[in-house]
Amino acid sequence: MRRQIPLAIALVAGLFGALSYFIQDPTVQDIREQLLAWLRLIGAFAIGIGIVSFLRNHGKKVTRQVSGWAFNAVAIASFVAMTTIGLFGGIGDSSLFRKMFDFGQVPMEATMFSLLAFFIASAAFRAFRARTKEATLLLLAAVVVMLGRVANIDWLSQATEWILAVPNTAAARGITIGVGLGIVATALKIVLGIERSYLGGE
Amino acid sequence: MSSFFEKFLKIDRRWIFLAVGLAVIIALVAPCQMSTTITPPVQIFHDVVAAATPDKPLIVSMDVGPSTLPELEPMIKATLRHAFANNIKVIGLSLLITGPSIGERLLVDTAAEVNAELEAAGEARRIVQGEDWVFLGYKPGVTPVILGMGEEIRNTFPVDYYGTYLDDLPMMQNVHNYDDMSSVVTISGTAIPESWVAFAGAPYDIPVSVGVTAVSASNYYTYVQTGQMAGLLGGLKGAAEYERLINYPGMASKGMVAQFWVHIIIVFFIVLGNTAFFIIRAQKKRQTDKK
């Protein structure tokens, strides 16, 4: 019974979700809207689960004092500080929360991302070698795209657009269609009760 | 000679860091800008925003975090400026938890900038919050939020970011779902644009224009070709092209100079590295043949 009820809910909700897209009856659409509202609530609960998971994982590392546990402690302290400041001091324009976000998190995240430019330059120099035909093709495409994205030269810009719009798109479309079919297959398996790993175990 | 190239291939990477760092600093400090060639995806993006009418607001979904701001902020600013300059109303929101304060800042700052320009030009028109733009803030759960807005926006966002009921905002009086909106602009460093295409563009037939980081732009060309995405801004280059189209040389146009020199440096090092690699390989082959 513990398995049958969730499986039945998945079957009914899955079939209804798919079919209601095609049935324009007002009653069906009203129920669909209700289900969407529930979905939003479930989405909000996911944040709660995320917080619990975050605190458990980092807390475990701090209590066991594993290598680098100080960073985990900083993560927990930052979470507690931001939550407390936000809850009691508000999140308005002139609030401390907003200042900590604008002058703390924003520059720190931007710094992390900007370091990529340096590491990409170094990695490209060391790893980008025309050792094989395939590597040479990749290298040439990369050089054309890198130059075509910045140089104001018509033919180079057109060559870049062609690489992005033709060979790149051909590969990307294959992957996208493959992923799409995979999603449909997995969804069908869940709705029909073939895939049950979300229930735990099996 | 061989040892010279071998030493060169083992060059301390800090020299490369220094070259990149200097190129970025000099390019950003120097008073120069670059012109860019307009590509079709950016032209489509521009035309879709320009086609919006004052009675149907534009949704600008600012699904951004601080890490991608250097690339995405110029896109958001250019889109907002384009809309405000053409009297197009804007509904701002964010589907990413880090987005609301960034989105609100950009809306407030851009509206203030445009107002200052209108004042300087002697025009009486002003960009007013609630009349020309609203900011809905953040709601968790991407898919249900997008789908919910297709039925009735008030069910998903009963109040705006400042706690005002949507019914009390003059701009929102006749706006209920995607039928009452001109198009969606989603700017993000995540996969959220795909959700906008799947859950707003496809079922509700509203054009979805997309702005993304350069690294993820290549994934979205398929959607542009099929018409599922109404235009694409890819990275700083896309933002610079858009700035050029709306005649506003902003942060992206400036940043393109730095990007130009960094790309040149990377290509220079790749070419040098490969030259050294082939010379060393040829010398080793010659030595082996002699033996």
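One numbering rule holds for all chains: residues counted from 1, following each sequence as written. All chains are assigned letters beginning at A, and all ligands numbers beginning at 1, according to the order in which they are written. Under the rules for a predicted model, residues below a pLDDT of 70 receive no local features and side-chain atom pairs below 80 are neither given nor counted, while totals for whole chains, interfaces and linings still include all residues.

### Structural notes on the overall build of chain A
In step 1: Note on conventions: DSSP H or I runs of at least 4 residues are helices, E runs of at least 2 residues are strands, and numbering of each starts at the N terminus. The helix and strand tally for chain A stands at seven helices and zero strands.
In step 2: Along the chain direction, N to C, the helices and strands of chain A fall in the order α-α-α-α-α-α-α.
In step 3: Atoms counted for the radius of gyration: C-alpha only. Globule rule: 2.2 Å times residue count to the power 0.38. For 202 residues, the compact-globule estimate of 2.2 N^0.38 gives 17 Å, and the C-alpha radius of gyration of chain A, at 25 Å, exceeds that figure by more than 25%.
In step 4: Exposure classification rests on a simple neighbour count of other C-beta atoms within 10 Å of a residue's own: a residue reaching 20 or more is buried, one at 12 or fewer is exposed, and one in between is partly exposed. C-beta atoms are placed from the backbone. The buried share among the 202 residues of chain A stands at 8%.
In step 5: Note that contacts rest on C-beta atoms placed from the backbone: two residues are in contact if these are within 7 Å. Long-range pairs, those at least 24 residues apart, make up 20% of the contacts in chain A with a sequence separation of at least 6.

### Let's talk about the nonpolar core
All names here are of chain B.
In step 1: Judged by nonpolar contacts, the single largest core of 91 residues is most densely connected at Leu58, Val208, Tyr220 and Met229.
In step 2: In terms of residues, this core owes the most to one element, helix H11 (residues 251-290), which gives 10 residues.
In step 3: In this view, Val208 contacts Val184, Thr186, Trp196, Val197, Ala200, Gly201, Met229 and Ala230; residues no more than four positions away in its chain are not counted. In these notes, a nonpolar core means any group of buried Ala, Val, Leu, Ile, Met, Phe, Trp, Tyr and Cys residues linked to one another through C-beta atoms within 7 Å.

### Topic: the pairing of strand E4 (residues 183-188) of chain B
Residues and elements named next belong to chain B.
In step 1: For E4, the buried fraction is high: six of the six residues fall into the buried class.
In step 2: Side chains of E4 alternate between two faces, with Ser183, Val185 and Ile187 and Val184, Thr186 and Ser188 buried alike.
In step 3: The sheet contact formed by E4 and strand E5 (residues 208-212) spans five bridges and is parallel. For Val184, the partnering residue across the bridge sits in E5 and is Val208. Any two strands are treated as partners once DSSP identifies two or more bridges connecting them.

### Examining the packing of helix H4 (residues 96-127) of chain A against helix H2 (residues 13-29) of chain B
In step 1: Between H4(A) and H2(B), the least distance of the axes is 9 Å, while the angle of their chain directions is 130°. Looking at the two axes, H4(A) sits oblique to H2(B). Crossing of H4(A) against H2(B): the hand is right-handed. In this structure, H4(A) contributes A:Ala117, A:Phe118, A:Ala121, A:Ser122 and A:Phe125 to the contact, and H2(B) contributes B:Arg13, B:Ile16, B:Phe17 and B:Val20. A fitted line through C-alpha atoms represents every axis, and for helices the fit uses only the stretch in contact; the resulting angles, taken between N-to-C directions, go from 0 to 180 degrees. Orientation labels follow simple angle bins: below 35 degrees gives roughly parallel, above 145 gives roughly antiparallel, 65 to 115 gives roughly perpendicular, and whatever is left gives oblique. For any helix crossing, the convention is left-handed if the near helix is rotated counterclockwise from the far helix by under a right angle, and right-handed if that rotation is clockwise.

### As for the interface of chain A and chain B
Interfaces are frequently sized by the accessible area removed from exposure as the parts join.
In step 1: The partner chain B presents 45 residues to the 43 residues of chain A that form the contact.
In step 2: Residue assignment for the side of chain A that touches chain B shows that the elements contributing at least two residues are helix H2 (26-64), H4, helix H5 (133-148), helix H6 (154-165) and helix H7 (167-191) of chain A.
In step 3: Here the element with the most residues in the side of chain A that touches chain B is H4(A); it accounts for 14 residues.
In step 4: Its residues assigned to classes, the side of chain A that touches chain B comprises 26 nonpolar, eight polar and nine charged. When residues are sorted by character, Ala, Val, Leu, Ile, Met, Phe, Trp, Tyr, Cys and Pro go into the nonpolar class, Asp, Glu, Lys and Arg into the charged class, and all the rest, Gly among them, into the polar class.

Any functional reading would require information that these geometric values do not contain.
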